[in-house]
Amino acid sequence: MIQKKICILGASGVGKTSLIKQYVEGIFSEKYLTSIGVKIDKKIVDLSSEKVQLMIWDIEGIDRYCGFQAKYLRGASAFIIVTDRTRSQSLIEGNEIFNMAKEVADIPGILALNKKDLPTTWHWSDSELADIKHPFAKSFDTSAKSGEGVEEMFSYIAKILTE
Amino acid sequence: MDTSLFHDLGLLDCVIFKRIEPTKYEVLYNAQDWLFELLPETKSQKSFRFAQNSLYLEDFLIDAEALWISKQPGSVDSGIWSETLPSRELLQLEASAMVCNQQEYLVIHKLKDKFTQKQQTLQIARELLLSNDKITEQHEHLHAQMDELLSQSERTKAFQQPIINALEQTDLGVAILDSNLQLVKGNPALQTLFNDTHIALKLPVDRLILELFKKQYPEYDRVFSTRSAWTGELCWLNPPEQGKWLKVAIHPIKNADQALQYWMFSVSDVTQIKFLLKRNEKLTHFDVLTDLPNRQYFWQQLENKIKKNRPFYLLYIDIKNFKRINEVHGHLIGDQLIKDLAKRLQSVTRVDDYIARIGGTEFAIIMETDYFRKQFASTDQGQCKTFVQELIRASELPFYLESGSQCEIGLNVGASAFPTDSNDAEELMKYADLAVFAAKKQVKSSLEFYSKKLVDASLKRIEMEDALQKAVTNKQFELFLQPIIDISSSKIVKAETLIRWRLSDGSIIAPDEFIPLAEQTGLIVPIGKWVIAEACRFLNELKKTHQEIKLSVNLSPRQVADRQLLDFIKTTLTQQDISPELLELELTEGVLIDNYDKVHYLLTELRTLGISVSIDDFGTGYSSLSYLQKLPIDHIKIDRSFTMSIQDNEQDQGGNSAIILAVIAMAKSLKLGVIAEGVETDSQKEFLLRNQCHIAQGYLFSRPLPFNEFCKLLNTKN
Ligand SMILES: Nc1nc2c(ncn2[C@@H]2O[C@H](COP(=O)(O)OP(=O)(O)OP(=O)(O)O)[C@@H](O)[C@H]2O)c(=O)[nH]1
Ligand SMILES: [Mg+2]
């Protein structure tokens, strides 16, 4: 079975760990427990043609306390940048992280606009949002709480990585 | 010695492998059961190979192998990672690869206390960061919204529906005050801020906030007199019950003429966040980003120093144009820069000095001067100057960014002296704040000492600003025209428009005296619009009398950054029914470099419209050929200082004539027009003619003239 490494990146508190928990275990918790370092989870995706094992790297939030670490991307086939719809700053930071990631790894980047279940408070215009989405392979509206868009996003990644 | 102590201390909670050959290892030390659960392959045989049971560890082996192969004594760390064991236990691990006595080792530590500590601190720090971010965002969102809505509304107490809606929707307490700080409107959230305290406030909420601000922040007067924006935290005590921490943003709202319309106060209750901070002692006194003492702690230290009664300087340091650095490089890099800068400042300060981070981009230093002198001698300012120069030098060395680019930081420094300026902590801070405000006006990093003169100058500046503000409202400006001549035919080919400020007593102020102030205050935007509108009106007049000629208008950096500029130009041209080919815009070299992206966009749009562009004061800045080649530019204007250096005797002209010749040649090769500015003598004119520069401007031909006189001259010449 082929294995694919996927890195989950983003500012802190945007819901990286929650998205993985929802995807792998189907659980969501309101409590915020910030991640330290890296944790790797595995999940097998059953595509109609074949099976893929995703190795999902949950990486601690990139912020003023912990910088971007290029080495985590080594051997990755794709990365997801998670942003929080209730915090526009997280989208700016997501964009910065995207640029840093692209510099070290020529692999597809996927954008997750997370916390879809909450009312959006950012005030990007549609065209600004389109500009930000542009360099990504695809963007998904997700909610780690309701599960919306989560399965879809990971399946999409599994699919493009096997094509 | 009994190893169980080491065990209990958690020092031996690790496993040690020895690398026998590439990919093959031997277990040297293992007192742990978790190892077999995590890596079953280590269990039975004497030596083992990794069997994909820990992906992270095996990924780290790539870095480890690089070290081992090098055989260089040393170690590399893996960074922390977590593993869930089959028994569902969660482990936090960190591995190190080492070369020691020419042997290769791999050590895996199980982290316990170290992890818990790090986790707890980061947890609080991040929760704080998130709540702070959210609140800041709310304030900023409101500012943007209100700037748009309120700046248009006339001064009236009856606000339009959209404003009322916006105020009702936000969770922030909002008070809108008029320019005399009288409440015009408050929203429901403002009233409910104090609802949970069961205390009848003696003052209306807006008064209370003003009161607290005045008591707790020495910059109170300066903020209002200079119409500056401010954000900070206010503490409201309510003994014996718990008090409140309020985050307050004060924001001046100005109309299109940059006249102050309202003050908007937005307030949020951050007591919870502060409470969170208190759970961790380190966070109460220290700033998490830089590890320096924070504002609260600094105040205590300042009071302590004063008690010791030894002379010192209080230095207030602000990073120059940090907002721009954030915009250009992003916030993550912005934070990293602050961190690095803090380290550099710290490395320059001496043991007796005391440094703190007292605001987002602000640091403060207490600099002890010589103990043995009771009074300040004149050389003490010298001591302080030398020290600040070191600080500035340290900050101006380039910072190398991860992206590969680099960045420089400038500092505004204000200084007040204890005990000569004051022996009161609050006053010292207030004075240092005033001084830093003055230092901000300088383009380069600089130090200002607090003095009576400084205060007077700042008052004078405020007066001048007021006068200029009024001039904008009452349109006390005139636009003069200076002809630009084709010296081979003596015909007027174009004219540059030049603004004059006419005071009510009839006297005239030249642009170099008020344009810099207008630029700093933003008044340049309405002034610039007036100039464009007036120039278009002239063009329309000239059209009526069939004397069509091109007029050029100067653009300042702020105008270039103004998003509405293009639209304004388009509408004005249409209104006056003027062909865009008759308008030219002049930019200085500095503008080109500082705002390259914006300028590129603007100039491309202008070219599409048919408006031409010239570069003013050419030769004084640093524009390289590459800029000129990449931007759609039509003309360059040779700065007057070069023209003036052309002397009668062609032999002793030194390098300046060479520069002019080079500029002319370069312009030719780039197919740009050249205009010589500041031509005052016939020999200069002859020189230009001889060297194929036919377009010139200067007193030799004409001074700047009022419109009527210019029309007369145009009539006789052309
Ligand atoms: N309502 C809602 N809350 C979410 C969602 N995703 C995450 N959260 C909450 O947001 C907080 C942070 O979630 P985490 O998954 O820990 O965020 P993270 O990106 O892993 O954070 P770090 O590890 O600190 O970088 C938690 O309180 C979650 O309950 C979502 O889709 N909807
Ligand atoms: Mg996490």
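Residues numbered from 1 in each chain as written. Chains lettered and ligands numbered in written order. Predicted model: local features only at pLDDT ≥ 70, side-chain atom pairs only at ≥ 80, totals over all residues. Heavy atoms only, no water.

Regarding its fold elements, chain B presents 27 helices and 27 strands. Looking at chain B residue by residue over its 718 residues, the buried ones come to 51%. (Helix = DSSP H or I, 4+ residues; strand = E, 2+ residues; numbered from the N terminus. Buried < 20%, exposed > 50% of the residue type's maximum accessible area, 1.4 Å probe, protein only.)

A few words now on the overall build of chain A. Each helix and strand in chain A was counted, giving 4 helices and 6 strands. Order of helices (α) and strands (β) in chain A, N terminus to C terminus: β-α-β-β-β-α-β-α-β-α. A buried classification covers 55% of the 163 residues belonging to chain A. The contacts in chain A between residues at least 6 apart in sequence include a share of 73% that link residues at least 24 apart. Entry remark: accessible area of chain A is about 6,900 Å², with carbon and sulfur atoms responsible for 48%. (Contact = heavy atoms within 4.5 Å. Areas by Shrake-Rupley, 256 points an atom, 1.4 Å probe, with all protein chains shown as cover.)

With that settled, the discussion passes to unusual backbone geometry. In this structure, Pro 419 of chain B follows Phe 418 of chain B across a cis peptide bond, with omega equal to 0°. Relative to the elements of secondary structure, Pro 419 of chain B occurs in the loop between strand S17 (411-418) and helix H15 (425-440). Positive phi, close to 70°, is recorded for Lys 115 of chain A, a residue that is not glycine. Here Lys 115 of chain A lies in the loop between strand S5 (109-114) and helix H3 (126-133). Here the phi dihedral of Ser 490 of chain B falls at roughly 60°; this positive angle occurs in a residue that is not glycine. Take Ser 490 of chain B: its relative accessible area is 35%, and that puts it in the partly exposed class.

Protein coordination at the magnesium ion (ligand 2): the donors are Thr 17 of chain A (OG1) and Ser 35 of chain A (OG), at 1.9 to 2.0 Å from the metal. Taken together, the residues span a long stretch of sequence, with Thr 17 of chain A in helix H1 (residues 16-25) and Ser 35 of chain A in the loop between H1 and strand S2 (38-46) at a distance of 18 residues. (Donors = N, O, S within 2.8 Å, 3.2 Å for Na, K, Ca; no water.)

Attention shifts here to the interface of chain A and chain B. The interface of chain A with chain B comprises 38 residues on the first partner and 36 residues on the second. Both faces considered, chain A and chain B share a buried interface measuring about 3,500 Å² in area, 54% of it formed by carbon and sulfur atoms. Broken down residue by residue, the surface that chain A buries against chain B is led by Ile 36, Arg 64 and Tyr 65 of chain A, which jointly contribute 23%. Run the count over chain A and chain B and you get 3 salt bridges. Note that Asp 63 of chain A is salt-bridged to Arg 126 of chain B, the shortest N-O span being 2.8 Å. The interface formed by chain A and chain B holds 15 residue pairs in polar contact (both at pLDDT 80 or more) in total. Of all the elements in the fold, those that place two or more residues in the side of chain A that touches chain B are strand S1 (2-10), S2, strand S3 (51-59) and helix H2 (88-104) of chain A. Its residues assigned to classes, the side of chain A that touches chain B shows 15 nonpolar, 11 polar and 12 charged. (Buried area = accessible area lost by both parts, 1.4 Å probe. Salt bridge = Lys/Arg side-chain N within 4 Å of Asp/Glu carboxyl O. Polar contact = N/O pair within 3.5 Å; in protein donor to acceptor, adjacent residues only side chain to side chain. Nonpolar A, V, L, I, M, F, W, Y, C, P; charged D, E, K, R; others polar.)

A separate point is the pattern of salt bridges. Counted according to the given criterion, the structure contains 36 salt bridges over all chains. Where Asp 41 of chain A meets Lys 39 of chain A, a salt bridge forms, and the shortest distance between an N and an O atom there is 3.7 Å. Exposure remark for Asp 41 of chain A: the relative accessible area of 18% places this residue in the buried category. Note on Lys 39 of chain A: relative accessible area 22%, which makes it partly exposed. Residue Asp 206 of chain B pairs with Arg 207 of chain B through a salt bridge whose shortest N-O separation is 3.2 Å. Residues joined in a network through salt bridges with shared partners are Arg 19, Glu 65, Lys 71 and Glu 104 of chain B.

You can see Glu 83 of chain B is positioned in strand S4 (residues 74-84). The buried charged residue Glu 83 of chain B lacks any salt bridge partner; its closest oppositely charged side chain belongs to Lys 42 of chain A, at an N-O distance of 7.4 Å. A distance of 2.6 Å separates polar atoms of two side chains, one belonging to Glu 83 of chain B and the other to Trp 81 of chain B. With residues near it in sequence (within four places) discarded, Glu 83 of chain B still touches Leu 38, Asn 53, Ser 54, Glu 89, Leu 90, Leu 91 and Leu 93 of chain B. (Lys, Arg positive; Asp, Glu negative; His and termini not counted.)

This brings us to the nonpolar core. If you look at soluble globular proteins, the nonpolar side chains tend to sit buried side by side. Formed by 80 residues in total, the largest nonpolar core has its most connected members in Leu 468, Phe 477, Ile 527, Ile 569, Leu 587 and Leu 606 of chain B. Considering each element in turn, this core owes the most residues, 11 residues, to helix H18 (residues 524-544) of chain B. Setting aside its immediate chain neighbours within four residues, Ile 569 of chain B contacts Ile 532, Leu 583, Leu 585, Leu 606 and Ile 611 of chain B. Counting residues in each nonpolar core, the second largest holds 54 residues, with Ala 76 of chain A together with Trp 81, Val 99 and Leu 332 of chain B among its members. (Core = buried A, V, L, I, M, F, W, Y, C linked by side-chain atoms within 4.5 Å.)

Residues and elements named next belong to chain B. Between helix H12 (residues 322-329) and helix H13 (residues 331-348), the least distance of the axes is 7 Å, while the angle of their chain directions is 130°. Here H13 runs oblique to H12, going by the angle between their axes. Where H12 abuts H13, its residues Phe 322, Ile 325, Asn 326 and His 329 lie against His 331, Ile 333, Gly 334, Leu 337 and Ile 338. When grouped by side-chain class, the residues that make up the contact of H12 with H13 number 5 nonpolar, 4 polar and no charged. (Axes fitted to C-alpha atoms, helices over the stretch in contact; angles between N-to-C directions. Parallel < 35°, antiparallel > 145°, perpendicular 65-115°, else oblique.)

Sheet strands pair via backbone hydrogen bonds, and the direction of the pair is either parallel or antiparallel. Residue and element names in this part refer to chain B. The 5 strands lie next to each other as S8-S7-S11-S10-S9, forming an open sheet whose pairing is antiparallel. Edge positions in the sheet fall to strand S8 (183-186) and strand S9 (230-238), since each of these pairs with one other strand and no more. With strand direction ignored, the average angle separating the axes of adjacent strands in the sheet is 25°. Where strand S7 (residues 173-177) meets strand S11 (residues 260-269), 5 bridges bridge the pair, whose relative direction is antiparallel. Across the sheet, residue Gly 173 finds its bridge partner in S11, namely Val 267. Most of the contacts of helix H7 (residues 205-216) go to S9, to which it runs at about 100°, and overall it touches S7, S8, S9, strand S10 (241-254) and S11. (Pairing = 2+ DSSP bridges.)

Now for the sheet that holds strand S13 (residues 354-357) of chain B. All names here are of chain B. The 5 strands are arranged S13-S14-S12-S17-S18 in an open sheet whose pairing can be described as mixed. Whereas interior strands pair on both sides, the edge strands pair on one side only; in this sheet they are S13 and strand S18 (446-449). This sheet shows a mean twist of 20° between the axes of neighbouring strands, independent of strand direction. Two elements, S13 and strand S14 (residues 362-368), share 4 bridges in a ladder whose sense is antiparallel. Paired with Tyr 354 across the two strands is Ile 366, which belongs to S14. Strands in contact with H15 are strand S12 (312-319), S17 and S18; relative to S17, the strand with the most contacts, it is inclined by about 150°.

Residue and element names in this part refer to chain A. Around ligand 1, the surrounding shell holds 22 residues, and the nearest of these are Lys 16, Ser 18, Tyr 32, Thr 34 and Asp 117. Glu 30 places a polar main-chain atom, nitrogen or oxygen, 2.7 Å from an oxygen atom of ligand 1. Here a nitrogen atom of ligand 1 sits 2.7 Å away from a polar atom, N or O, in the side chain of Asp 117. Compared with its free state, where it exposes 650 Å², ligand 1 has 94% of that area covered by protein. The leading source of residues in the shell around ligand 1 is H1, at 3 residues. (Near = heavy atom within 4 Å.)

Once that is clear, we can look at the packing of aromatic side chains. Any pair of aromatic rings gets described here by the distance separating the centres and the angle formed by the planes. Overall, the coordinates contain 32 aromatic pairs over all chains when judged by the stated rule. Taken together, a centroid distance of 4.4 Å and an interplanar angle of 45° make the contact between Phe 98 of chain A and Phe 136 of chain A tilted. Here Phe 98 of chain A, found in helix H2, pairs with Phe 136 of chain A, found in the loop between H3 and strand S6 (138-141); they are 38 residues apart in sequence, far enough to count as distant. Classification of Phe 136 of chain A as buried rests on a relative accessible area of 7%. Relative to Trp 236 of chain B, the ring of Phe 194 of chain B lies with its centre 4.9 Å away and its plane at 85°, an arrangement referred to as edge-to-face. With Phe 194 of chain B in the loop between helix H6 (188-192) and H7 and Trp 236 of chain B in strand S9, the pair connects residues that are 42 residues apart, well separated along the chain. Of the two residues examined, Phe 194 of chain B and Trp 236 of chain B, each falls in the buried class. Ring pairing ties together the aromatic residues Phe 213, Tyr 217, Tyr 220, Phe 224, Trp 230, Trp 263 and Phe 265 of chain B, which thus form one cluster. (Phe/Tyr/Trp six-rings, centres within 6.5 Å; stacked < 30°, edge-to-face > 60°.)

The next point concerns H7 of chain B. For H7 of chain B, which comprises 12 residues, the first-to-last C-alpha distance of 16 Å matches the rise-based estimate of 16 Å (1.5 Å per residue) to within 8%. Considered for burial, the residues of H7 of chain B that qualify are Val 205, Asp 206, Leu 208, Ile 209, Leu 210, Leu 212 and Phe 213 of chain B. (Expected span 1.5 Å × (residues − 1).)

All names here are of chain B. Where burial is concerned, the two faces of strand S25 (residues 635-638) agree: the one with His 635 and Lys 637 and the one with Ile 636 and Ile 638 are both buried. Note: strand S24 (residues 612-618) against S25, 3 bridges, orientation parallel. Looking at S25, one finds that Phe 618 is bridged to Ile 638.

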